[in-house]
Structure formats: C-alpha cells, structure tokens
Amino acid sequence: MRRPHIRSVAVAVAVTTAATGLAGTAFGTTTGTGRTAATAGTSAASVVSAARAAAFAHSSATGVSQGDELQAVDVMIDPEGARHVRFTRAHQGMQVLGGDLVVHLTRQLAYAGVTRAAGQTVKPAAATAAKLSAAEAQQKAATAAKGDAGAAELVVDARDGASALAYQVRVSDSGTAEGTGSRTVVVDAVTGKVRSNTPDSDEFLSPGLLDTLRERGEKLDPATGAGAQTAGLTAASASSAAGATRYPSTAHGTGKSIFVGTVPLTTTRTARTTYLLKDPTRWGTETRDAKGQELESFARGKKITTSNDVFGNGRVTSRNSAAADAQYGVTETLDFYKKTFGRKGIENNGKGAHAMVHFGNKVANAFWDSTCDCMLYGDGDGDMFKKPLVALDVTGHELTHGVVDATAKLEPTRVDAQGNQYGEPGALNESLADIFGSNVEFFTNNASDKPDYLIGEKMGLAQKFLRRLDHPSLDRLEGTIDYWSPEAYDAEVHAGSGVSSHAYYLLAEGSGQKTIGGVRYDSPTYDGSTVKGIGRTKATAIFYRALTRYMVSTTDFHDARDATLKAAKDLYGANSTEYKTVDLAWAAVNVNSANTPAAHR
C-alpha cells in the first residue's frame, strides 16, 4: 500500500556515491564501489549549479520555465563519470506536485539528458486565481479525511497531466477507533474539488486484502523461529557488560525474537545495569514502544531498556520480543543497502532508522510512515492476525518504501474511498519493495527465515505466501498479474506489481523450472520465450541504479523498462548480455517498444 504525500524537501544536498555494480556473487560479501565527491574530482555544489543551469538552458526538454525554482535533493556521482541531480520544483514560490526531475550530466558537467515526471507545462494559467480561501480548503480537507486539518498551502498540482492551482492540507487522525493516521488532501483552489486524499502511512496489507481475508475467514497464526543460539549470544552480552566502564557505550546484546529466533543485537549501555535498544554503530537506529497508541511521533514512543541486555523471550508474552524482531529487521535492511550499494541509511544521509512496535489497539498491519519517518508495527487484531507483523521481509519491504520515498517518490494515480491505491507508478513502488524486501532475506540468510522470492511466507496464509516474484498470478488473494496489458493502467497497486516483479525475477533467474534454497519456482513468459537469467546480484544492481537515477514520481512500466535499460547500459554496456537480457525480460512480461503508449513516444 502506498503513498505518503509529497513533502517540502530541504535544500541541503546529500551526495550519493552509492555502488553502481556489485563485485562477487554473494550480497553478504560485497561492498560499494562508488567514490566520494572529492575523489571524483567534482564538488556537489558545482554539480548542482551545472545541472540547474542545464535545466534552464534546455527548457524545451526539461520543461523548466520562467518562474520555476529547482531544489536539489540528491546528487549522484557515478564511478564511470556520469553525474545526476534530482530536483523538486517550485513555481513562483509554490511547490509543484509531480514536478520532480533528474538532470543527467557528463563527467565534464555537460547536459546529457533529463528524466521528468511532468510532461506538460506546470505553471497554472496566468489568469487563474484562487477562488477558495485557505480556511475553506481546510474545511473541505477535514471533511474528506475525517480529521483535524492543519494549515493550507497553495501548490501547483501537475500530476496526471494537470496544471492546477490547489491547496495542500495535512489532516491528522481524528482519534476515532477506525483512524489510520494522518492524510494529505489536495483541494482545487478554483473549483473546490478534492483532487486527492492520500494516507501518509504506507500499509503492508491493503484494505482490499484485509476484506478478502475476512470474507474467507482466514485465521493467521504464523509459525515462529527457533532460538538455538541463546547460550553463545548471552555469554557475549555478559562479556560486553563486564568490560564497559564509560556510558553511553556500545554493547552486544541478545534479541529473543518471535520470527527468527535468538539473534545478536548491538545496543547502547547507558548505566551499569541498563541497556537501551539503540544501535550506535548504525547511526543510532532505535526501536521504541508506542504503548498501544497511534503515535506518529517517534519522540513520544517509550524507550526500550533491560537490565541484562536481553530483549524478549521469543513469545508475544514479552513486549520486547516484537521489538527484537523489529530492531533486527531494520538493522539488517540498513546493512543490506549499505554493504550492497553504499547507501548510508534510508535517506542516504547518515542517519539511523526508527521503528515503533505495539502501535495502536489491535492493529493488524505494519506501516512505513513518512510523517514519522519510521516503521510502525501493530500487534495484530487478536482474531484474524494472532501475532505482530514484524517478519523480516515485511520490514525489508516497508523500509524500501522509505528508500523510494527518498528517491523516485513513485505515486499512485488514484486512491479510492476505502484507501486502496491504483495505477502503474504505485504498482512499481510495491514491486520494488517486494524485490528489495526479498533481497534483504537473501542478504541476511537467517536459518529461521530462509531466503526466497516469496513475500509474506511467514504470515500463515492458506496459499503459503502473500506474493511471489517468479509467477505472480499464483497469488489469488490480490489477483496479482503476470503480464502487462492496458488494464494495468488502473490496476490496484499490489495486483499490478506482478508485472515488474516478474520482469525482475526473469532477469535474475530466468524462465522455467528451478529450485533455489529448497523452494521450487516455475516462471512462465508471455510469448513462450526462454530467458536465461544474469543472476540476482547483477539484476538487483540494475534495478537499484534505475530507481535512484532514472525513475521519478510518475514512472510506469514502460518507463521502468527504459530506466533499467539505461542502468544496464551504464553498468555493463549497450552490447552486453546484461543489457540484452533486460530487454528480453521486459518483453517476456509484454512490456516492449512496440506496445509503448503513444504518450511515451
């Protein structure tokens, strides 16, 4: 489920020099190959200045016009020489929704192209003036989202081919039992029509899926992990406690989790017999307890401490068991992104990630919340869901939404009254979360949650998984599709996600039957073709490069094909097997140049 609102972004620029290719064959042993801005011989400021100048100089291609202001939010310097600057846009001081773009430069800082979200002029007609007051917009937003409206901000809504003057209003939860957190409402400033009403949190389970499970009467009581490593880990914890003399200090504790057994946790010792569930070696990444409240402020969560550096007992009878799962999953996800791509945190800014367990009262879901900038985990409703949704691939999936939010900001094209989301960019977002979520499992390689190309296999569903990448249509719960057709334009995002997830699997592993890690896969193709995979390492490098360099908020499946082809060309060359296999993999899910919508040509 997706999407948070488009937020104002600080002008400060984080330089990205993340890995663009992966050495070796196993993610667990690979490191980033990117260079710093200094060693690349170009400062971030000079790259931004050149990109901004190029955007205005090539306005017919970039769509930038007089009155526009470009705010740099990411600078990417590739080892092979290319530079990329991701911009958000304002017009006459108003934020432009759907106005994001990436300007591409050569090593010599010459203009090399652009990836833009809006295909039309984004400024509203000169004669257009707001007919609605800010107060009226707030009232409409509060009614639409059933909550308490904050300030109304004038924006230009350039999404979905529009160029409209509008108000953007954040509406906080009203505090009712059915409340699901804050929402962002965009109200047309001329007509008063609600243009969009989007939840700020990203739910793992969509409203439609929850309705389906209730109709089927499924009662999910997931299997849990084993705790075979307890003795050794506890001894390590005691050793670290004995040696510490100054506080705070780094300690090596133990998590007795629900899903993956007993795991090591790096913690913070704050006193002789006090240990905090905060990892100083991963930028202060921390898990807190929401205490059964629907908190969207991490600072309000309760700090989790123990006297012996052991968190949880492996069962839901301890509040700290779910916290152990969450902290372990978050830190493993951070390690995956850092060791695989050189990415320093979810936003690549050297800051830790946050999580809160025990969110709300009987909440059967898990969320990425862009307002909180943290993971939120409910405990289950005690009826349909018996345990918290703190499984490893759930965390990897949801934190990847945070990575997408920090990069391409892929948006659904619409959201219905129940909160279900639709459209190809939103489906691509879900797909990337599944792709990288499964890669977190491969990276972690935990014996209690063996890696696979299945999503939600620990949930206890009757079909044994929620989604799968090799043959997406085997998911009967969400009606996930294997291949692209024009109907994908308005498919529910989890259903539509199968198109790009399938393309990724074919690129990595190829078509036909295969057994990997004890799991049998059998991946079909649209045209009956045979695809020979290039391996998960290269496929994942291509998809990450495509996400961070060549995708924007409106990227759809045909755009994603172009983005991954560009990424493969960057990494391996236009005549490489890797490039040709990217083309074959997309053709095998019926995404090709011949059926590219006219708007893209």
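Residues numbered from 1 in each chain as written. Predicted model: local features only at pLDDT ≥ 70, side-chain atom pairs only at ≥ 80, totals over all residues. Heavy atoms only, no water.

(A) View of the overall build of the protein. Assigned secondary structure in the protein consists of 13 helices and 28 strands. Taking all 601 residues of the protein together, the buried fraction comes to 60%. Partitioning the contacts of the protein with sequence separation of at least 6, the portion at a separation of at least 24 is 64%. On the protein, roughly 22100 Å² of surface is accessible, and the fraction owed to carbon and sulfur atoms is 50%. (Helix = DSSP H or I, 4+ residues; strand = E, 2+ residues; numbered from the N terminus. Buried < 20%, exposed > 50% of the residue type's maximum accessible area, 1.4 Å probe, protein only. Contact = heavy atoms within 4.5 Å. Areas by Shrake-Rupley, 256 points an atom, 1.4 Å probe, with all protein chains shown as cover.)

(B) Quick look at the sheet that holds strand β18 (residues 305-306). As summarised here, the arrangement of the five strands in space is β18-β14-β13-β12-β19, forming an open sheet in which the pairing is mixed. Two strands bound the open sheet, and with one partner strand each, they are β18 and β19 (310-311). With eight bridges joining them, strand β12 (residues 249-256) and strand β13 (residues 262-271) adopt antiparallel strand pairing. Among the inter-strand pairings, K256 is bridged to a residue of β13, identified as T262. Each of β12, β13, β18 and β19 is contacted by helix α6 (residues 319-341), which is oriented at about 100 degrees to β13, the strand it contacts most. (Pairing = 2+ DSSP bridges. Axes fitted to C-alpha atoms, helices over the stretch in contact; angles between N-to-C directions.)

(C) Here's a closer look at the state of the cysteines. Counted by the stated rule, this structure contains one disulfide. What pairs with C372 in a disulfide is C374, and their sulfur atoms sit 1.7 Å apart. The sign of the S-S torsion, about 100 degrees, decides the handedness of the disulfide formed by C372 and C374: right-handed. The exposure classification of C372 matches that of C374, with both residues buried. (Disulfide = S-S within 2.5 Å.)

(D) Fine view of the environment of D379. Within the fold, D379 resides in the loop between β22 (374-377) and α7 (392-406). Using a relative accessible area of 27% as the deciding quantity, one classes D379 as partly exposed. For the pair formed by D379 and G292, sequence separation is 87 residues and the distance between their alpha carbons is 8.7 Å. Excluding its chain neighbours within four sequence positions, the residues that come into contact with D379 are H358, V363, K387 and P388. At 2.7 Å, the side chain of D379 and the side chain of H358 are in polar contact. (Polar contact = N/O pair within 3.5 Å; in protein donor to acceptor, adjacent residues only side chain to side chain.)

(E) View of the packing of aromatic side chains. Under the definition given, this model contains 19 aromatic pairs. Ring plane angle 85 degrees and centroid distance 6.4 Å describe the contact between F436 and Y544, whose orientation is recorded as edge-to-face. Of this pair, F436 sits in helix α8 (residues 424-444) while Y544 is found in helix α11 (residues 536-550), placing the two residues 108 residues apart along the sequence. On the basis of relative accessibility, which here comes to 0%, the residue F436 falls in the buried class. Geometrically, the ring pair formed by Y504 and F543 is edge-to-face, given 5.3 Å between the ring centres and 85 degrees between the ring planes. Taken together, the residues Y504 in helix α10 (residues 498-509) and F543 in helix α11 connect sequence positions 39 residues apart. Feature note: the residues F336, Y337, F341, F436, F443 and Y544 constitute an aromatic cluster, connected by ring pairs. Positioned above the aromatic ring of F204, the side-chain terminus of R467 is 6.0 Å from the ring centre. When the ring centre of F465 is taken as reference, the NZ or CZ atom of R468 above it lies at 5.1 Å. (Phe/Tyr/Trp six-rings, centres within 6.5 Å; stacked < 30°, edge-to-face > 60°. Lys NZ or Arg CZ within 6 Å of the ring centre and 35° of its normal.)

(F) Spotlight on α6. Along its 23 residues, α6 runs 34 Å from first to last C-alpha, staying within 8% of the 33 Å computed at 1.5 Å per residue. Burial runs high along α6: 20 of the 23 residues are buried. Two residues or fewer past α6, G342 is found with a positive phi of approximately 75 degrees. (Expected span 1.5 Å × (residues − 1).)

(G) Layout of unusual backbone geometry. A cis amide bond, omega -5 degrees, links Y247 with the succeeding residue P248. Positionally, P248 belongs in the loop between α5 (230-243) and β12. Here Q92, not a glycine, exhibits a phi torsion of approximately 50 degrees, which is positive. The phi angle at K291 is positive, at roughly 60 degrees, despite the residue not being glycine. By secondary structure assignment, the location of K291 is in the loop between β16 (285-289) and β17 (302-303).

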